[in-house]
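So the chains spell out like this:
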Amino acid sequence: MELKEAIEKAKSDLAAATGLKPVSVVQVFRAKEGWHVHVEMVEMSRIPPATDVLGEYKVLLGEDGTMLGFERKRTRLRGE
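Quick caveat, the model's predicted, so the values are computed rather than measured.

Visitor: Sorry if this is basic, but what is going on with the overall build of the protein chain here?
Guide: Counting secondary structure elements, the protein chain contains 1 helix and 4 strands. For the protein chain, the succession of helices and strands along the chain, N to C, is α-β-β-β-β. Since a compact globule built from 80 residues should have a radius of gyration of about 12 Å, the 13 Å found for the protein chain is in line with a globular shape. Based on the C-alpha atoms only, the size of the protein chain along its principal axes is roughly 40 × 20 × 20 Å.

Here it is in structure tokens:
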């Protein structure tokens, strides 16, 4: 699996699992256990958008692209 494929797979699988919308990928690296992809997701939309609540999630993908797990690392306001 290539880097771009890992990013797209992590975003789509995480969105399907959580029902949240992906905003950006903030970190990606490959290790012996698979791909680690950190994705920011919109947890709460607000007006103005600068006050949206974003969650950073760490997704672990196996070498075949299967999502092995995810966890929320932190939350922040979009404007921070």
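Next, the rest of the story.
Visitor: It is not clear to me how the pattern of salt bridges should be interpreted in this structure. Could you clarify?
Guide: Side chains that carry opposite charge are capable of pairing whenever their charged atoms lie near each other. Tallying each qualifying case throughout the model produces 8 salt bridges. Residue R30 is joined to E63 by a salt bridge in which the shortest nitrogen-to-oxygen separation is 2.6 Å. Here the residue R30 occupies a position in strand β1 (residues 21-31), and E63 occupies one in the loop between β3 (53-61) and β4 (67-77), the gap between them amounting to 33 residues. Judged by its relative accessible area of 36%, E63 is partly exposed. For R74, the salt bridge is made with E56, and the minimal N-O distance between the two is 3.3 Å. You can see R74 sitting in strand β4 and its partner E56 sitting in strand β3, a full 18 residues away along the chain. On the basis of relative accessible area, R74 is assigned to the partly exposed category, the value being 43%.

Visitor: What is the right way to read the sheet that holds β4 from this model?
Guide: Sheet strands line up and pair through hydrogen bonds in the backbone, either parallel or antiparallel. The strand order β1-β2-β3-β4 describes an open sheet built from 4 strands, whose pairing is antiparallel. Looking along the sheet, the strands with just one partner apiece sit at the ends: β1 and β4. Averaged over all pairs of adjacent strands, the angle between strand axes in this sheet comes to 20°, irrespective of strand direction. Of the pairings in the sheet, the one linking β3 to β4 comprises 9 bridges and is antiparallel in character. For E56, the partnering residue across the bridge sits in β4 and is R74. Across the sheet, helix α1 (residues 3-18) lies against β1, β2 (34-44), β3 and β4, angled at about 45° from β2, the strand it touches most.

Visitor: Can you help me understand the side chain of E40 in this one?
Guide: Mapped onto the elements, E40 comes out in strand β2. Once residues lying within four places of it in the same chain are set aside, the contact partners of E40 are K21, P22, V23, S24, V26, L54, G55, E56 and R76.

Visitor: What's the story with the environment of G62 in this structure? I'm lost.
Guide: Along the polypeptide, G62 turns up in the loop between β3 and β4. Looking at G62, the relative accessible area reads 7%, which means it is buried. In this structure the C-alpha to C-alpha distance between G62 and T18, which are 44 residues apart in sequence, comes to 19 Å. Leaving out residues up to four positions away in the same chain, G62 has contacts with E33, W35 and L68.

What counts and how
- Residues numbered from 1 in each chain as written.
- Predicted model: local features only at pLDDT ≥ 70, side-chain atom pairs only at ≥ 80, totals over all residues.
- Heavy atoms only, no water.
- Helix = DSSP H or I, 4+ residues; strand = E, 2+ residues; numbered from the N terminus.
- Rg over C-alpha atoms; globule rule 2.2 N^0.38 Å.
- Salt bridge = Lys/Arg side-chain N within 4 Å of Asp/Glu carboxyl O.
- Buried < 20%, exposed > 50% of the residue type's maximum accessible area, 1.4 Å probe, protein only.
- Pairing = 2+ DSSP bridges.
- Axes fitted to C-alpha atoms, helices over the stretch in contact; angles between N-to-C directions.
- Contact = heavy atoms within 4.5 Å.

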